[in-house]
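Observations on chain architecture
Residue-level listing of the chains:
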Amino acid sequence: MTVGGHGPGTEQLLGERLSPEDPTLYAAKSGRTIISEPVPGDAARYIIGRIARCVPAPESVAMVPLLLFGELVAIFEIGRRGRCLRAHEVARVEDVVEALAERTVVMGWLE
């Protein structure tokens, strides 16, 4: 379920639930980061479908899952138009997700 967003139009995604058939969910539960390719795969097409509602015609998208103790807690999706996301930019998102995971455990936010 989308509970937050940054950028124009992201409020349109608030409260949306992922379908159990969404391949993004399978990838996230498996701990896989997704970066769209020039010809997007199934999971990237689902992400593009969501992101396109607030970023018209995204050039590329990515998804980084947050897992704690093997359980999926959150999915972070980003998108950009104008140029493709670069690996080092997605790596920064992974750094933020890792820091959030550590903070969540230290603070006991899920207890």
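This report concerns the structure included in the present document. All of these numbers come straight from a predicted model, not from anything done at the bench. (Residues numbered from 1 in each chain as written. Predicted model: local features only at pLDDT ≥ 70, side-chain atom pairs only at ≥ 80, totals over all residues. Heavy atoms only, no water.)

Description of the pattern of salt bridges
Counted by the stated rule, this structure contains 6 salt bridges. Salt-bridge contacts for arginine 50 lead to aspartate 22; the nearest nitrogen and oxygen are separated by 2.6 Å. One end of the pair, arginine 50, is in helix α2 (residues 42-51); the other, aspartate 22, is in the segment before α1 (23-29), with 28 residues separating them in the sequence. You'll find arginine 50 and aspartate 22 in the same group, each marked buried. Among the salt bridges present, the one from arginine 45 reaches aspartate 42, with a minimum N-O distance of 2.2 Å. In this pair, arginine 45 and aspartate 42 both sit in helix α2, 3 residues apart, roughly one turn of the helix. Since its relative accessible area comes to 45%, arginine 45 is described here as partly exposed. Linked through salt bridges whose partners overlap, the residues forming this network are Asp22, Arg50 and Glu77. (Salt bridge = Lys/Arg side-chain N within 4 Å of Asp/Glu carboxyl O. Helix = DSSP H or I, 4+ residues; strand = E, 2+ residues; numbered from the N terminus. Buried < 20%, exposed > 50% of the residue type's maximum accessible area, 1.4 Å probe, protein only.)

Considering the nonpolar core
The biggest cluster of nonpolar side chains holds 10 residues, and these are Ala27, Ala28, Ile34, Ala43, Ala44, Ile47, Ile51, Val55, Val61 and Met63. Listing elements by their share of this core, those giving two or more residues are α1, α2 and β2 (60-68). With 4 residues, the top contributor of residues to this core is α2. Ignoring any residue separated from it by four or fewer positions in sequence, one finds isoleucine 34 in contact with Ala27, Ala43, Ala44, Ile47, Val61, Ala62 and Met63. (Core = buried A, V, L, I, M, F, W, Y, C linked by side-chain atoms within 4.5 Å. Contact = heavy atoms within 4.5 Å.)

Examining the sheet that holds β2
One open sheet accounts for 3 strands, arranged β1-β2-β3; its pairing is antiparallel. Edge positions in the sheet fall to β1 (34-35) and β3 (71-80), since each has one partner strand and no second. In the sheet, β2 pairs with β3 via 9 bridges, with the strands oriented antiparallel. Its bridge partner lying in β3, leucine 66 is registered against alanine 74. Relative to β2, α2 is tilted by about 105°, and along the sheet it contacts β1, β2 and β3. Packing of helix α3 (residues 87-107) onto the sheet brings it into contact with β1, β2 and β3, and relative to β2 it is tilted by some 20°. (Pairing = 2+ DSSP bridges. Axes fitted to C-alpha atoms, helices over the stretch in contact; angles between N-to-C directions.)

It is worth stressing that arrangement in space is one thing and function is another; only the former is reported here.
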